Amino acid sequence: RRVEGWRVGEVVLKDDRVLIPFKSTKVVEVRRVVAWDSNELSLDGFSPSLGLIKVDLRPLQSMKIVYDKKKAVAQSKNNREIYEKYVKREHNKERDFINKLVKGLTILFPNAVHVFEDLEKEDLVSKNKAPKNRRKRNARTPWKLIQRKLSEKTIVVKVSPKNTSRTCPRCGFVAKTRVGRVFKCEKCELELDRQRLASINIYLKYTTMRGFPYSDDPDMWMR
């Protein structure tokens with residue numbers, strides 16, 4: 001009865017089980033759109049009805065750093081059993097954190113569309129595209145998993161990440177670089193934290209994609 005009227009998704013074969021996913025076909029009344037910029041230590045969101053939002057990911061990062069150190073010690077002692085134990089514990093704690101995060105987002109923002117950048121993690125951890133320290137930090141942040149888990153509970157849409165942290169949302173000016181935490185528009189002189197800037201531009205990309213008119217109301221960006 002739980003899946004009556006639902007569509008069957010793509011079957012997943014595991015070593016010890018078969019997973020048969022179902023997709024609901026019910027109509028959802030969308031109340032708001034929340035756009036998210038995925039960062040190392042936070043999810044930075046924007047919605048016109050709510051303003052700017054920040055979700056702290058530091059507890060997740062701290063946990064993963066602790067287990068990275070424990071795994072490194074186990075590897076140095078060539079203790080495979082202890083290493084696997086730490087891998088499993090880290091995996092369980094990560095999943096628990098993300099499940100609670102997703103549950104909190106769905107409670108705080110019911111009937112919302114959540115918009116993310118379509119990030120390719122391979123680019124973020126590639127030797128040719130990111131320095132070593134940056135690659136290690138990027139590898140610790142499970143953006144894709146957060147998005148996938150959230151998509152199981154609500155509507156998730158992805159947009160292109162191109163120029164989201166270099167474009168002025170008020171006048172459309174595109175900066176040549178994205179150096180520094182604060183974006184300063186050379187054309188209209190708007191100044192905005194770069195993570196907040198990205199979340200606003202992600203929202204604008206979604207609304208443009210959906211055919212909504214562009215708004216140049218300067219007050220909206222500063223709420």
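For the structure, check the block above.
The notes below deal with the structure included here. It should be emphasised that the depicted structure is a prediction, and the values quoted were computed from it without experimental measurement.

Going through the model one piece at a time under the given rule, you end up with 11 salt bridges. Note that K64 and E90 form a salt bridge whose closest N and O atoms lie 3.2 Å from each other. You can see K64 sitting in helix α1 (residues 58–76) and its partner E90 sitting in helix α2 (residues 80–108), a full 26 residues away along the chain. The exposure classification of K64 matches that of E90, with both residues buried. The shortest N-O distance in the salt bridge between R148 and E152 comes to 3.6 Å. Residue E152 is classed as partly exposed on the basis of its relative accessible area, which comes to 49%. Among the ionic contacts, a cluster of salt bridges with common partners joins K64, D68, K71, E90 and E94.

Once that is clear, we can look at the packing of α1 against α2. Interaxial distance between α1 and α2 falls to 9 Å at its minimum, and their mutual angle equals 170°. When the axes of α1 and α2 are compared, the pair comes out roughly antiparallel. Counted together, P59, L60, M63, K64, Y67, D68, K70, K71, A74 and Q75 of α1 and I82, Y83, Y86, V87, R89, E90, K93, E94 and F97 of α2 form the full contact between these two elements. Counted by class, the contact of α1 with α2 contains 10 nonpolar, one polar and eight charged residues.

Moving on: the nonpolar core. Core analysis: the biggest nonpolar cluster contains 19 residues, and V33, V113, V115, F183, Y203 and Y206 have the highest contact counts within it. Per-element tally for this core: the top contributor is helix α6 (residues 194–209), with six residues. Formed by 16 residues, the second largest nonpolar core is a distinct cluster that contains I53, I98, F109 and F116.

What follows is about a positive patch on the surface. Among the surface-exposed residues, K70, K85, R89 and K93 lie close enough to one another that they form a single positively charged patch. In terms of residues, the positive patch owes the most to one element, α2, which gives three residues. Relative to the helices and strands, K70 is located in helix α1. Residue K70 is classed as partly exposed on the basis of its relative accessible area, which comes to 33%.

Analysis parameters
Residues numbered from 1 in each chain as written. Predicted model: local features only at pLDDT ≥ 70, side-chain atom pairs only at ≥ 80, totals over all residues. Heavy atoms only, no water. Salt bridge = Lys/Arg side-chain N within 4 Å of Asp/Glu carboxyl O. Helix = DSSP H or I, 4+ residues; strand = E, 2+ residues; numbered from the N terminus. Buried < 20%, exposed > 50% of the residue type's maximum accessible area, 1.4 Å probe, protein only. Axes fitted to C-alpha atoms, helices over the stretch in contact; angles between N-to-C directions. Parallel < 35°, antiparallel > 145°, perpendicular 65-115°, else oblique. Contact = heavy atoms within 4.5 Å. Nonpolar A, V, L, I, M, F, W, Y, C, P; charged D, E, K, R; others polar. Core = buried A, V, L, I, M, F, W, Y, C linked by side-chain atoms within 4.5 Å. Patch = residues over 30% accessible without salt bridge, like charges linked within 9 Å, V, L, I, M, F, W, Y side chains within 5 Å. Areas by Shrake-Rupley, 256 points an atom, 1.4 Å probe, with all protein chains shown as cover. Lys, Arg positive; Asp, Glu negative; His and termini not counted. Charge placed at Lys NZ, Arg CZ, Asp CG, Glu CD.

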